[in-house]
Amino acid sequence: GNMYEFLESSLIDANKKYPLLARQRKQEGTPTVMFTILKNGVVTNLSIKSSGHRSLDREARRMIMISSPFPKIPDSVNESSISLTIPINFRLKNN
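Figured I'd write up the structure that's included with this text. Each chain has its residues counted from 1, following the order in which its sequence is written. Where totals are concerned, whole chains, interfaces and linings use all residues; where local detail is concerned, this predicted model gives features only for residues with pLDDT of at least 70, and gives and counts side-chain atom pairs only at 80 or more. In computing side-chain values, all of the structure's heavy atoms are included and hydrogens and water are not.

## Description of the pattern of salt bridges
Here, a salt bridge means any side-chain nitrogen of Lys or Arg that lies within 4 Å of a carboxyl oxygen of Asp or Glu. Summed over all chains, the structure comprises three salt bridges. Here K16 makes a salt bridge to D13, at a shortest N to O gap of 3.9 Å. For K16, a relative accessible area of 30% corresponds to the partly exposed category. Using a relative accessible area of 45% as the deciding quantity, one classes D13 as partly exposed. Close ionic contact of D75 with K39 constitutes a salt bridge, the shortest N to O distance being 3.3 Å. Here K39 lies in the loop between strand 1 (32-38) and strand 2 (43-49) and D75 lies in the loop between helix 3 (54-67) and strand 3 (81-87), a separation of 36 residues in the sequence. For each residue, the accessible area found with a 1.4 Å probe, counting protein chains only, is set against the maximum for its type, and the residue is called buried under 20%, exposed over 50%, and partly exposed in between. You can call D75 exposed: its relative accessible area is 65%. The helix and strand labels rest on DSSP assignments: H or I over at least four residues marks a helix, E over at least two residues marks a strand, and numbering proceeds from the N terminus.

Spelled out as structure tokens, the structure:
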């Protein structure tokens, strides 16, 4: 991965909200989002590998959609698109 990809995942992470229902039910999981970012930053081909909990999967999808469009892919990254696979961890902190 390059700096651009690192930036993407921290951008996505900033939009994470633990779904209330999942929190109340103590549901944890890691949906994996797979998507492609086009040169202009637009997201395409978004799919989710399920965490086993619908609300966590939905939140993972929402996080990507709300992060879109991403910053344009810099010319230094010699790609017309970048495909990313990002696991999104939903873990309840045990207080």
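## Considering the pairing of strand 2
Pairing geometry for strand 1 and strand 2, over five bridges, is antiparallel. In the sheet register, T36 faces strand 2, and the bridge partner there is T44. A pair of strands counts as paired when DSSP detects no fewer than two bridges linking them. Linking strand 1 to strand 2, which pair antiparallel, is a turn of four residues; within it G41 sits at a positive phi near 95°.

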